[in-house]
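# Structural overview
Listed below, chain by chain, are the residues.
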Amino acid sequence: MPIINKWSDSNYIVLSEAVMRETKIYISKNTLKRVFGKLKTKESYHPQITTLNALAIFVGYLNWNEFKSSEAASLHGVRKTLTSWFTNPQGIFGNLVTKPFIFILLLVMLLVMVIVLLWH
C-alpha cells in the first residue's frame, strides 16, 4: 500500500470497507479523506461522534469516550497498545490478520492519536 499522502480513492474505499466490516458503522471515503486531510474543508474539520466511535471500535474500544478515557489516549498508551497488537495480533483479531490489515490498523491508530492530540 502506498503512503497515505499518495492514496487513491481505492485505498480509502478499502479502509472504509474494513471499518464497516469490523464496526457495522459506515464511514465514507470522503469522510476518511477529510480526516486524513486529503479533502480540504473551509473550516477546520472535526469528525462527528459516529465517525470517532467507529474508529475507536475499529481499534478495539467500546466507543470514543472509552478510548479517550483509556490509557491509549496518551502517546505512551498508543505505543503500548500498538506494540501489543503487533506482537500478538491474532490473539485480538483472529484470522483477519494480514499485512494490509495491520497497515490499515496502524494508520487508524495514528489517526486517532492525532485527533486526541488536536482536541487536548
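Quick look at the structure, then.

The rules we used
- Residues numbered from 1 in each chain as written.
- Predicted model: local features only at pLDDT ≥ 70, side-chain atom pairs only at ≥ 80, totals over all residues.
- Heavy atoms only, no water.
- Helix = DSSP H or I, 4+ residues; strand = E, 2+ residues; numbered from the N terminus.
- Buried < 20%, exposed > 50% of the residue type's maximum accessible area, 1.4 Å probe, protein only.
- Areas by Shrake-Rupley, 256 points an atom, 1.4 Å probe, with all protein chains shown as cover.
- Polar contact = N/O pair within 3.5 Å; in protein donor to acceptor, adjacent residues only side chain to side chain.
- Contact = heavy atoms within 4.5 Å.

### Digging into the overall build of the protein
A count of helices and strands for the protein gives seven helices and zero strands. Listing each helix as α and each strand as β along the protein from the N terminus yields α-α-α-α-α-α-α. Taken over 120 residues, the protein has a buried fraction of 41%. Entry remark: accessible area of the protein is about 7,100 Å², with carbon and sulfur atoms responsible for 58%.

### A short note on unusual backbone geometry
Of all residues except glycine, most have a negative phi; of all peptide bonds, most are trans. One non-glycine residue with positive phi stands out, namely K24, at about 65°. Along the polypeptide, K24 turns up in the loop between α1 (9-23) and α2 (29-36). Taking relative accessible area as the criterion, K24 reaches 64% and is therefore assigned exposed.

### Looking at the side chain of T23
Within the secondary structure, T23 sits in helix α1. At a separation of 3.0 Å, a polar atom in the side chain of T23 contacts the main-chain amide nitrogen of I25. Here T23 is in contact with A54, I57 and F58, once residues within four sequence places are set aside.

Everything listed here is a matter of geometry and, on its own, says nothing about what the molecule does.
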